[in-house]
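A structural walkthrough
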Amino acid sequence: MVKIAVLGYGTVGSGVVEVFEKNRESICRKSGEEIEVKYVLDLRDFPGDPVEKILVHDYQVILEDPEVQVVVETMGGLKPAYEFTRQALLAGKSVCTSNKALVAEHGAELMQIAREHRVNYLYEASCGGGIPIIRPLCTSLTADEIDEISGILNGTTNYILTKMAADGTDFASALKEAQDRGYAERNPEADVEGYDACRKIAILSSLAFGSQVNYQDIYTEGITKITAEDIKYAQAIGVSIKLLATSRKVEGGVYAMVSPVMIGTDNPLYSVCGVFNAILVHGNMLGDAMFYGQGAGKLPTASAVAADVVDCATHQGENIRISWGDSRMALMDLGQVKHRFFVRVQGSLAERLPELEKQFGQVETITVPGVDGEFAFITGEMPEAEYKARAEETKGIISMIRARF
């Protein structure tokens, strides 16, 4: 029998307990081991909840119990999750987590400790919630050279952009509805400013390219500046706006970024709507493969954590190899990265087009009925630094969104 302890009885932690209760028989059959939740750690009490019988408030009880072989960390954040995880690994206990912030910040260090103590630090739920992506990158795709990962990695922002496109509402109204429906936190900054997606793409990039990609090095831009007018332009030309997290090998190195991007109907991510997430992986042999599903939620995320627990149970005394090296990957200067750019400008198309073509070269222009006093254009592909220099010399630019179509 494998005994586990769950740290944190919030949304995901309670979901993990529920998964092991409801699917006990099938989990035991698949793992070849009976898995029992021996402890749940939380500062709170839960009167009337069956978890009362196994609830503890002191982490030392778990740490010092030799029967506990796997610790499930669902507390979130860095403190005390980092120290609790580190102590568990040093004590010879495997750790499974859904904590993207901790994995992005300390993943390489914690995996090294796990290797040294012949235990495991697994984090399938940290990037795609219930979508399997870590395990495929580490096992199924090991024969491929991964050259790009692009994903819709945040359900909150995808819901907001979908709502804006469907109803013509502005960002503030769509955000409020997301909060009312429980899809967005009261303080949505981590989601809408792109920080959540940034940490996830840092983890995926580190796995895909085998070196530590620091999330602090990744250019990150959220969706707070996307307007109803931007959506109208996108719909007029048959594209959609998504918050994309991308890491990509190109000539000259690897770049990673998070930003709103206009994508066309030929992109598999175009049709990913609502709170759903999707991750598009391109390998030099495989080509494109897309992983799609619920990127958050109590039971989908808990299911991914439970799968990691099963992996730990079936690999006791053995460290599962994960291709994530300690060396830090130097990302390309964003200024060297090439994109097309969708640009809105003030003024009359007829009057301003000669000036804009002199500045940006041949451009595609767009006008939308009901959007007065402005028009938009799409540039050819150029480095970010070149676009920035030309934009600084151009009067009346309202906004810019990168384009991949």
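Heads up: these notes are all about the structure in this document. Note that the coordinates shown come from a computational prediction; the quantities given were computed from them, not determined experimentally. (Residues numbered from 1 in each chain as written. Predicted model: local features only at pLDDT ≥ 70, side-chain atom pairs only at ≥ 80, totals over all residues. Heavy atoms only, no water.)

Things to note about the overall build of the chain
A tally of helices and strands in the chain yields 15 helices and 17 strands. A compact globule built from 405 residues should have a C-alpha radius of gyration of about 22 Å, and the chain, at 23 Å, falls within 12% of that. Along the first, second and third principal axes, the C-alpha set of the chain runs to 75 × 45 × 35 Å. Expressed as a percentage of the 405 residues in the chain, the buried residues total 54%. (Helix = DSSP H or I, 4+ residues; strand = E, 2+ residues; numbered from the N terminus. Rg over C-alpha atoms; globule rule 2.2 N^0.38 Å. Buried < 20%, exposed > 50% of the residue type's maximum accessible area, 1.4 Å probe, protein only.)

Description of the nonpolar core
Ranked by size, the top nonpolar core spans 117 residues in total, and within it I62, Y121 and Y123 carry the most contacts. With 9 residues, the single largest contributor to this core is helix α11 (residues 195-209). When sequence neighbours within four positions are dropped, the list of residues in contact with Y121 reads T85, L89, V95, T97, L102, V103, G107, L110, M111, A114 and I322. Grouped together as the second largest cluster of nonpolar side chains are 11 residues, F341, F360, M382 and Y387 included. (Core = buried A, V, L, I, M, F, W, Y, C linked by side-chain atoms within 4.5 Å. Contact = heavy atoms within 4.5 Å.)

Describing the packing of helix α4 (residues 81-90) against helix α5 (residues 100-116)
How two helices sit against one another is set out by the angle between their axes and by the gap between those axes. It is at 10 Å that the axes of α4 and α5 come closest, and there the two elements cross at 15°. It follows that α4 is roughly parallel to α5 by the angle criterion. As for the relative orientation of α4 and α5, their crossing is right-handed in sense. Contacts between α4 and α5 involve A81, Y82, T85, R86, L89 and L90 from the former and L102, H106, E109, L110, I113 and A114 from the latter. Tallied by class, residues from the contact of α4 with α5 come to 8 nonpolar, 2 polar and 2 charged. (Axes fitted to C-alpha atoms, helices over the stretch in contact; angles between N-to-C directions. Parallel < 35°, antiparallel > 145°, perpendicular 65-115°, else oblique. Left-handed = near helix turned anticlockwise from the far one by under 90°. Nonpolar A, V, L, I, M, F, W, Y, C, P; charged D, E, K, R; others polar.)

Brief notes about the pattern of salt bridges
In the structure shown here, the tally under the stated rule is 28 salt bridges. The partner of E18 in a salt bridge is K22, with the nearest N and O atoms 2.9 Å apart. Here E18 pairs with K22, and both are found in helix α1 (residues 11-22), just 4 residues apart, close to one helical turn. Judged by relative accessible area, which is 18%, E18 ranks as buried. The class for K22 is exposed, based on a relative accessible area of 63%. (Salt bridge = Lys/Arg side-chain N within 4 Å of Asp/Glu carboxyl O.)

Looking at the pairing of strand β4 (residues 68-73)
With 5 of 6 residues buried, β4 is to be regarded as a mostly interior element. The pairing of strand β1 (residues 2-7) with β4 spans 5 bridges and is parallel. Paired with V6 across the strands is V72, a residue of β4. Where β4 and strand β5 (residues 94-97) come together, 4 bridges link them in parallel fashion. When the bridges of β5 are listed, V72 appears paired with C96. (Pairing = 2+ DSSP bridges.)

Some thoughts on α4
Those residues of α4 lying buried are A81, Y82, F84, T85, A88 and L89. Mapping the buried residues of α4 onto a view down its axis gives an arc of 165°, with all of them on the same face. Residue G92 follows α4 closely and has a positive phi angle near 85°. (Arc of directions from axis to C-beta.)

Regarding unusual backbone geometry
Residue K79 is joined to P80 through a cis peptide bond whose omega torsion reads 0°. Of note, P80 is situated in the loop between β4 and α4. Phi is positive for R118, close to 55°, though the residue is something other than glycine. Looking at where R118 falls in the secondary structure, it is placed in the loop between α5 and β6 (121-122).

Some details on the sheet that holds β5
Strands sit in the order β3-β2-β1-β4-β5-β6 across an open sheet of 6 strands; the sheet is parallel. For this open sheet the edge positions go to β3 (55-56) and β6, each flanked by a neighbour on one side alone. Relative to the sheet, α4 contacts β1, β2 (35-41), β4, β5 and β6, its axis offset from that of β5 by approximately 150°.

A short note on the packing of aromatic side chains
Considering all chains together, one arrives at 10 aromatic pairs under this definition. Ring geometry for F360 and Y387: centres 6.0 Å apart, planes at 35°, overall tilted. Separated by 27 residues along the polypeptide, F360 in helix α14 (residues 349-360) and Y387 in helix α15 (residues 384-392) bring together distant segments of the chain. Here F360 matches Y387 in class, with each residue buried. Taken together through their ring pairs, the aromatic side chains of F341, F360, F377 and Y387 make up a single cluster. Seen from the ring of F405, R340 lies directly overhead, with NZ or CZ sitting 5.5 Å from the centre. (Phe/Tyr/Trp six-rings, centres within 6.5 Å; stacked < 30°, edge-to-face > 60°. Lys NZ or Arg CZ within 6 Å of the ring centre and 35° of its normal.)

Quick look at the environment of A81
Mapped onto the fold, A81 is located in helix α4. Classification of A81 by relative accessible area gives buried; the value is 0%. Residues A81 and T379, spaced 298 residues apart in sequence, show a C-alpha to C-alpha distance of 46 Å. Residues within four places of A81 in sequence aside, it is in contact with E73, M75, G76, N99 and L102.

A closer look at the side chain of N99
Positionally, N99 belongs in the loop between β5 and α5. At 2.7 Å, the side chain of N99 and the backbone oxygen of G77 are in polar contact. Every residue in contact with N99, bar those within four places of it in the chain, is listed here: E73, G76, G77, A81 and S126. (Polar contact = N/O pair within 3.5 Å; in protein donor to acceptor, adjacent residues only side chain to side chain.)

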